[in-house]
Amino acid sequence: MNAIARELTGCFHCGLPLSDGPRWQARIGGVEQDMCCPGCAAAAQAIVDAGCADYYATRADFGARVEDRGAAELELFDEAGNTGKGGFSVEGIRCAACVWLIERRVAALPGVLDATLNVSTARLQVRWDPAGCRVSTILRALRAIGYTAYPYDARRHGEHLARERRTLFRQLFVAGLAMMQVMMYAVPVYMATDGTMDADMRALMGWASFLLTLPAVLYSARPFFANAWRDLRRGLPGMDVPVALGIGAAFAGSTVALLRGEGDLWFDSVTMFIFLLLGSRYLELDARRRAAAALAALQDALPASAQRLLDYPQGRATELVAASRLCAGDLVLVAPGAAVPADGVVVEGATEADLSLLSGESATRRIGPGDTLPGGAVNVAQAVVLRVTAAAGESTLAILMRLVEQAGQGKPAVSLWADRVAAWSVAALLLLAALVYVGWSFLDPVRALPATIAVLVVTCPCALSLATPTALAAATSSLLKRGVLAVSPHTLETLERATHVVFDKTGTLTLGRPRLRTTRVLGRLDTQACLRIAAALEAGNAHPLAEAIRAAAPTAVAAEGIDYVMGQGIAGSVDGVAYRLGSAAFVAPLAGRAPVLATPLDTPLDTGTVWLGRAGTWLACFDIADALRPEACELVRRFEQAGKTVVLLSGDATPAVASLARRAGIGRAVGGQLPHEKLAYVRRLQEEGAVVAMVGDGVNDAAVLRGADVSFAMGKGAALAQLHADGVLLGDSLAPLFDATDTARRMLRVIRQNLAWASAYNLLAIPAAASGLLNPWLSSIGMAASSAIVVLNALRLRK
């Protein structure tokens, strides 16, 4: 390390002193180095990522601070990839006015196609034309209007939120301490109404309150003043402008009254306002941190390295490689307690896997040879050998992460409405405050300043701007933990309004895996012997019915002379005896005339019947069906109780579809539908005024999933990449679908409650403050309480 690095006591990148507040870091040469700001940290990380880390070992001077110059550093982000689509973390967002300004400024850049900012996660999603726009152009545009931004990274974003939370807590602590101390001096003054306190004592109490208020104004309220100044410089007043004006006016007015020895002192109101407002913002920040934690947990689930087997099966020697270097066909050893580095198939060993992060399942799943394991699952029992089927970047978890990131894009209609209202409410508030001051100046000049301060304080629009984002973030985060991913912004809003729920059959209402339901023994061999022979004949057959027989057989024996007759069955020998397995017509030439069963087969019409026979003897009849999901009947019943019409829409034969509908309790079933006919059916429902929710397998039903008002797909394995649905059921169960419906209903109820509360509060508080009925300290309690109520009400959705 050079002399600059050895003598460094400030920022590792620019050399400026480090603040006592939040600190940022970047890993350089394997060591975490302190930075003075996120701009320097981002620039340093980009230099390292671009392979230029030796810059810090050979430089003769410090780099320029990003906020001062930084053009070259910002262009380093372009080298990481200019793909035309990406996310950016934006710092300093406070209200809907910030959202409006950032979206409008970025959308106005040449080459930008779309820009959407999620205020709950402070994340900006941008689509641009790589030929006309670059990453550095977007970052420069954001910094030009006063917002620090950098390409989104879940871990770095989480670390920033944690630092911001710690800083905010310190400011909250100082404000709370100042408030309590000031109240100790203010209460005796309020109580001394009968002249028991002389002027000198009042002055002493006032000066003590002044000194104790200074730390709250100069330190705790510093973000309000800094953000207000930034908003005024850009010409668009945000939520912090009336807050800063209220604090500044109350403190200045109190100071003037203290110096003159006459007039009211509001130091207690100032400290209380700062404390309560910081408290509500702390709750908001905690909600944002929790929303970001889900994606960070997914990102941390994939291990950075893997144990790749070198000469399996001859030996067990391994080499440690980066998980990102794994390719399809590689064999890896997954130790107990380790996370699976990529999607694969178990080659050797049996274990149990924890899939809770991927599917929301709380119970572990038994895994053996031939079973698939998704990347990110945790091996909880014993070591297994895994053959990689997809690289780490295309694993189930990686695809899920991209879907989760996509889920934060866009806004539902109710959120767009709230943003539009809140964006203009600040300007209206400032105009109202000016009118109140002028009006009271004519009526009663003594009351002009208190009334104006009360209006500025009480009418803070943060409750309105927080009403929908916090509820949406809490609802989607809660559903993700239970195995439901809402990808589109309108998913939950439309699901709650759905009048019809349309299910596909195979793989949706059924398991998609035929299962042996019953075995009728017709000869002298018992059930286990018949299954063993049938499994031997089907050993090399990939047909779903063959897989069901093999799965039910205890053990298999060897078969010889296998002859597969397309569409009819299999002939072969086991222990020198010839057998046939298949349809009755195929087995009859060997076994003789088909037997007349004592009782008819009590099986649904969607089963497959497979017969087994040998020379002159019928041995068994296997009834195989694609089993109905265990939770299907209860799910249908709950949807119908909620007033929704349930429809079964399938391409299978009409009799089979009708039979399954009866078993599931579905009153309307339509079979024999090709993909374009399914879409036409859904569109007819929509023309009749129905709001249609479609549930399918996500691949075969792509057209109808896109055509429905809202759609959910069963997302498993690589099929996640082919989904065209608005939501994904991450596990192998339909049960979370009703959880999504219930959460959607609760979310919209909470949003309506929040909007109603914010609107009613402002309608009542504004006239009261303007008329002088509310003094500044009551206004501060009301404003902070309104924001806290909105956030706490939204956080109920996490339960």
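On a predicted model such as this, the values are computed, not experimentally measured, just so you know.

How each quantity is defined
- Residues numbered from 1 in each chain as written.
- Predicted model: local features only at pLDDT ≥ 70, side-chain atom pairs only at ≥ 80, totals over all residues.
- Heavy atoms only, no water.
- Helix = DSSP H or I, 4+ residues; strand = E, 2+ residues; numbered from the N terminus.
- Contact = heavy atoms within 4.5 Å.
- Areas by Shrake-Rupley, 256 points an atom, 1.4 Å probe, with all protein chains shown as cover.
- Core = buried A, V, L, I, M, F, W, Y, C linked by side-chain atoms within 4.5 Å.
- Buried < 20%, exposed > 50% of the residue type's maximum accessible area, 1.4 Å probe, protein only.
- Pairing = 2+ DSSP bridges.
- Salt bridge = Lys/Arg side-chain N within 4 Å of Asp/Glu carboxyl O.
- Arc of directions from axis to C-beta.
- pLDDT = per-residue confidence, 0-100.
- Axes fitted to C-alpha atoms, helices over the stretch in contact; angles between N-to-C directions.
- Parallel < 35°, antiparallel > 145°, perpendicular 65-115°, else oblique.
- Left-handed = near helix turned anticlockwise from the far one by under 90°.
- Nonpolar A, V, L, I, M, F, W, Y, C, P; charged D, E, K, R; others polar.
- Phe/Tyr/Trp six-rings, centres within 6.5 Å; stacked < 30°, edge-to-face > 60°.
- Lys NZ or Arg CZ within 6 Å of the ring centre and 35° of its normal.

Q: A description of the overall build of the protein chain should follow, citing residues and the corresponding values.
A: A count of helices and strands for the protein chain gives 28 helices and 28 strands. Residue pairs at least 24 apart in sequence account for 68% of intrachain contacts in the protein chain once pairs closer than 6 positions are excluded. Total accessible area computed for the protein chain in this model is approximately 34,600 Å², and 57% of it derives from carbon and sulfur atoms.

Q: Provide a residue-level description of the nonpolar core, including the pertinent values.
A: If you look at the biggest cluster of nonpolar residues, it comprises 44 residues, and the most contacted ones within it are Phe503, Leu509 and Met747. When residues in this core are grouped by element, the largest group, 9 residues, is from helix α27 (residues 735-770). Phe503 has contacts with Thr508, Leu509, Leu635, Phe639, Val646, Val647, Leu648, Leu649, Met694, Val695, Leu734 and Leu737, leaving out every residue within four places of it along the chain. Judged by nonpolar contacts, the second largest core, of 39 residues, contains Leu168, Val436, Val457 and Ala765.

Q: Can you break down the pairing of strand β23 (residues 617-628) residue by residue, with the values?
A: Most of β23 is tucked away, with 11 of its 12 residues classed as buried. Pairing of strand β18 (residues 510-521) with β23, which is carried by 8 bridges, proceeds in the antiparallel orientation. Bridging from a neighbouring strand, Arg515 pairs with Ala625 of β23.

Q: Explain the pattern of salt bridges to me, and be specific about the residues and the numbers.
A: Considering all chains together, one arrives at 5 salt bridges under this definition. Of the charged contacts, one joins Asp330 and Arg308 as a salt bridge, the two residues approaching to 3.4 Å between their closest N and O atoms. Of this pair, Asp330 sits in the loop between β8 (318-322) and β9 (331-334) while Arg308 is found in strand β7 (residues 305-309), placing the two residues 22 residues apart along the sequence. With respect to burial, Asp330 and Arg308 carry one shared label: buried. Between Asp742 and Arg745 there is a salt bridge, and its shortest N-O distance comes to 2.2 Å. With a gap of 3 residues between them, Asp742 and Arg745 both fall in helix α27, about one helical turn apart. For Asp742, a relative accessible area of 25% translates into the label partly exposed. Residue classification places Arg745 among the partly exposed positions, given a relative accessible area of 37%.

Q: Could you give an account of helix α23 (residues 632-641), with specific residues and numbers?
A: If you check which residues of α23 are buried, you get Ala632, Leu635, Val636 and Phe639. For α23, the angular spread of buried residues about the axis comes to 100°, placing them on one side. In this fold, the buried residues of α23 make contact with β17 (500-503), α19 (505-509), β23, β24 (645-649), α24 (654-664) and α27. Once α23 finishes, Gly643 follows within two positions and takes phi at roughly 90°, a positive value.

Q: Explain the sheet that holds strand β11 (residues 351-354) to me, and be specific about the residues and the numbers.
A: Strands in a sheet are paired, the pairing made by backbone hydrogen bonds, and the direction either parallel or antiparallel. Spatially, the 3 strands line up as an open sheet ordered β12-β11-β14, and their pairing is antiparallel. Looking at strand neighbours, the two that pair on one side only are β12 (365-367) and β14 (378-379), the edges of this open sheet. Here 3 bridges tie β11 to β12, and the two strands are oriented antiparallel to one another. Note on β12: the bridge partner recorded for Ala353 is Arg365.

Q: Which residues make up the confidence of the model for the protein chain, and what are the values?
A: In the predicted model, the protein chain carries a mean pLDDT of 76, and 74% of its residues have values of at least 70. In this model, residues 1-7 is a region of pLDDT below 50 whose contacts with residues beyond four sequence positions or in other chains number 12 contacts. Segment residues 598-606: pLDDT under 50, and 23 contacts once partners within four positions in sequence are set aside and those in other chains are kept.

Q: Quick rundown of the packing of α23 against α27? Include the residues and the values.
A: At a closest axis distance of 9 Å, the pairing of α23 and α27 adopts a crossing angle of 20°. In this view, α23 runs roughly parallel relative to α27, as classed from their interaxial angle. Of the two elements, α23 crosses α27, and the hand of that crossing is left-handed. Packed against α23, whose contacting residues are Leu635, Arg638 and Phe639, the element α27 presents Leu737, Phe738 and Thr741 at the interface. Grouping the amino acids of the contact of α23 with α27 by side-chain chemistry returns 4 nonpolar, 1 polar and 1 charged.

Q: How would you sum up the environment of Leu259? Please name residues and give values.
A: Examined against the element boundaries, Leu259 turns out to sit in helix α10 (residues 240-260). With 53 residues separating them in the primary sequence, Leu259 and Gly206 have C-alpha atoms 9.8 Å apart.

Q: Requested: an account of the packing of aromatic side chains, with residues and values cited.
A: Counted according to the given criterion, the structure contains 9 aromatic pairs. Considering the side-chain rings of Phe210 and Phe267, the 5.9 Å spacing of their centres and the 70° angle between planes classify their relative orientation as edge-to-face. You can see Phe210 sitting in helix α8 (residues 199-220) and its partner Phe267 sitting in helix α11 (residues 267-301), a full 57 residues away along the chain. Assigned by exposure class, Phe210 and Phe267 land together as buried. Ring centres of Phe639 and Phe738 lie 5.4 Å apart, and the angle between their planes is 65°; this geometry places the pair in the edge-to-face category. Placement of Phe639 in helix α23 and of Phe738 in helix α27 is noted, with a sequence separation of 99 residues between them. For Phe639, a relative accessible area of 1% translates into the label buried. Overall, the relative accessible area of 12% leaves Phe738 in the buried class. Joined through ring pairs, the aromatic side chains of Trp207, Phe210, Phe251 and Phe267 make up one cluster. Positioned above the aromatic ring of Phe586, the side-chain terminus of Arg580 is 4.6 Å from the ring centre.

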